[in-house]
Amino acid sequence: MEIIENGFVFSDDSNLVDVNAVHHYLSTESYWAKNIPLALVQKSISNSLCFGIYKDGKQAGFARWVTDRATYAYLCDVYVETAYRGQGLSKKLMSLMLFHPDLQGLRRYHLATLDAHGLYQQFGFKALENPERQMAIVVKDIYEKERE
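This is a predicted model, so every value here is computed, not measured. (Residues numbered from 1 in each chain as written. Predicted model: local features only at pLDDT ≥ 70, side-chain atom pairs only at ≥ 80, totals over all residues. Heavy atoms only, no water.)

Q: I tried to follow the nonpolar core on my own but got confused; where do I start?
A: Where a protein is soluble and globular, its nonpolar side chains tend to be buried together. Judged by nonpolar contacts, the single largest core of 23 residues is most densely connected at Ile 53, Trp 65, Leu 75, Met 94 and Met 97. For this core, the elements supplying multiple residues, two or more each, are strand S2 (8–11), strand S3 (49–55), strand S4 (58–67), strand S5 (72–80), helix H3 (89–98) and helix H4 (117–121). Considering every element that reaches this core, the biggest residue donor is H3, with 6 residues. If sequence neighbours within four positions are ignored, Met 94 has contacts with Leu 75, Leu 119, Tyr 120, Phe 123 and Phe 125. Counting 13 residues, the second-largest nonpolar core is a separate cluster that includes Val 22, Ala 33, Ile 45 and Cys 50. (Core = buried A, V, L, I, M, F, W, Y, C linked by side-chain atoms within 4.5 Å. Buried < 20%, exposed > 50% of the residue type's maximum accessible area, 1.4 Å probe, protein only. Helix = DSSP H or I, 4+ residues; strand = E, 2+ residues; numbered from the N terminus. Contact = heavy atoms within 4.5 Å.)

Structure follows, in structure tokens:
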């Protein structure tokens, strides 16, 4: 699946993903994966349904779904490079990702965000109705611990 708009290419072809560029963003600029090792980024990309935004052949944005493609999908690692923000790229990317044929008819689409609630609400995401039913094991600063 590929869309070209205003000089940007939006694609679900994981072969196009610049793993080093994604790793750089996640490990140095994201709040959720600071210092993540390159090998883990490679593994996560290999085991996910990935989407990229490209400008002149370079990675301009990225997102991935962790999914069984039958009942559940978790959206993560969503970003647009700073130089390309404010152009509606994240909205276009979300449209492409939510209407992907492998993600139709799922029981649950899930994500976690610190500051992009407004973006995701436009696509039907809302706060959990029964958060007390949700549980998680959260290992804080896991990539910091691995560096020590």
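There's more to say after this.
Q: Would you mind showing me how to read the sheet that holds S2 here?
A: By way of backbone hydrogen bonds, the strands of a sheet pair with one another, either parallel or antiparallel. The 6 strands lie next to each other as S1-S2-S3-S4-S5-S6, forming an open sheet whose pairing is mixed. The open sheet terminates on both sides in strands that have one partner only, identified here as strand S1 (2–5) and strand S6 (108–111). Sheet twist, expressed as the mean angle between neighbouring strand axes with direction ignored, is 20°. H3 rests against S1, S2, S3, S4, S5 and S6 of the sheet, and its axis sits at about 30° to S2. (Pairing = 2+ DSSP bridges. Axes fitted to C-alpha atoms, helices over the stretch in contact; angles between N-to-C directions.)

Bear in mind that shape data such as this cannot, by itself, settle questions of function.
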